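Letter by letter, the chains look like this.
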Amino acid sequence: MSSFADKVYALCKRIPWGNVSTYKDIGKAIGSSGMIYRAVGVALKHNPHAPIVPCHRVVASDGSIGGFHGQTSGPFIAKKIALLKEEGVLVKNGKIVDFEKKLYRLA
DNA sequence: ACCATGACGCACA
DNA sequence: ATGTGCGCCATGG
């Protein structure tokens, strides 16, 4: 995989159980320009390691779920929400409850 | 090598 | 508080 995407996946796996992270923080953790969260989204969208990489723990900076399985909404998103719920991360109206609290800062 | 797209983020109206 | 527009990076055709 491209170095960039590889780092993204590594960081995703590095997110602790019950915690979540944002594309922005991941980008910062990588150490690039800082506005690379765009590429981060693309990388996760490609997500070649679907179940191996806990991409469902990655959410938008405002606490929105963002997307899953290449879709911004749909049954897959519901599945993602359910997964997070099982990890103790409740999602209300598409937004994570106590988002800042459960947010894991890698950078 | 160039153009177009995207699971985002922030500024502005 | 809500809606719309623009900008950034990396990847794919």
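Provided above is the structure to which this section pertains.
Residues numbered from 1 in each chain as written. Chains lettered and ligands numbered in written order. Predicted model: local features only at pLDDT ≥ 70, side-chain atom pairs only at ≥ 80, totals over all residues. Heavy atoms only, no water.

Moving on: the protein's contact with DNA strand C. Inspection of the region around DNA strand C gives Ser2, Phe4, Ser33, Met35, Ile36, Tyr37, Arg38, Ala39, Val42 and His46 as its neighbouring residues. Among atoms of DNA strand C positioned within 4 Å of the protein, sugar and phosphate together represent 58%. Ser2 is positioned with one of its side-chain polar atoms (N or O) 3.0 Å from a phosphate oxygen of DNA strand C. Backbone polar atom of Ala39 to a base oxygen of DNA strand C: 3.4 Å apart, as the coordinates give it. If you tally residues by element for the surface near DNA strand C, the top one is helix α3 (residues 37-46), at five residues. For the surface near DNA strand C, the residue count by class is six nonpolar, three polar and one charged. (Near = heavy atom within 4 Å. Polar contact = N/O pair within 3.5 Å; in protein donor to acceptor, adjacent residues only side chain to side chain. Helix = DSSP H or I, 4+ residues; strand = E, 2+ residues; numbered from the N terminus. Nonpolar A, V, L, I, M, F, W, Y, C, P; charged D, E, K, R; others polar.)

A word on the protein's contact with DNA strand B. Lys24, Arg38, Leu44, Lys45 and Ser61 are the nearest of the 16 residues found near DNA strand B. Backbone atoms, meaning sugar and phosphate, form 55% of the atoms of DNA strand B found within 4 Å of the protein. In the model, a phosphate oxygen of DNA strand B is placed 2.8 Å from a nitrogen or oxygen of the Lys24 side chain. Tyr37 is positioned with one of its side-chain polar atoms (N or O) 3.1 Å from a sugar or linking oxygen of DNA strand B.

Moving on: unusual backbone geometry. At His69, a position not held by glycine, the phi torsion is positive, near 55°. Mapping His69 onto the fold places it in the loop between β2 (58-59) and α4 (75-86). Look at His69 and you get exposed, because its relative accessible area is 52%. Although it is not a glycine, Asp98 sits at a positive phi angle of roughly 55°. Structurally, Asp98 can be placed in the loop between β4 (95-96) and α5 (99-102). Residue classification places Asp98 among the partly exposed positions, given a relative accessible area of 45%. (Buried < 20%, exposed > 50% of the residue type's maximum accessible area, 1.4 Å probe, protein only.)

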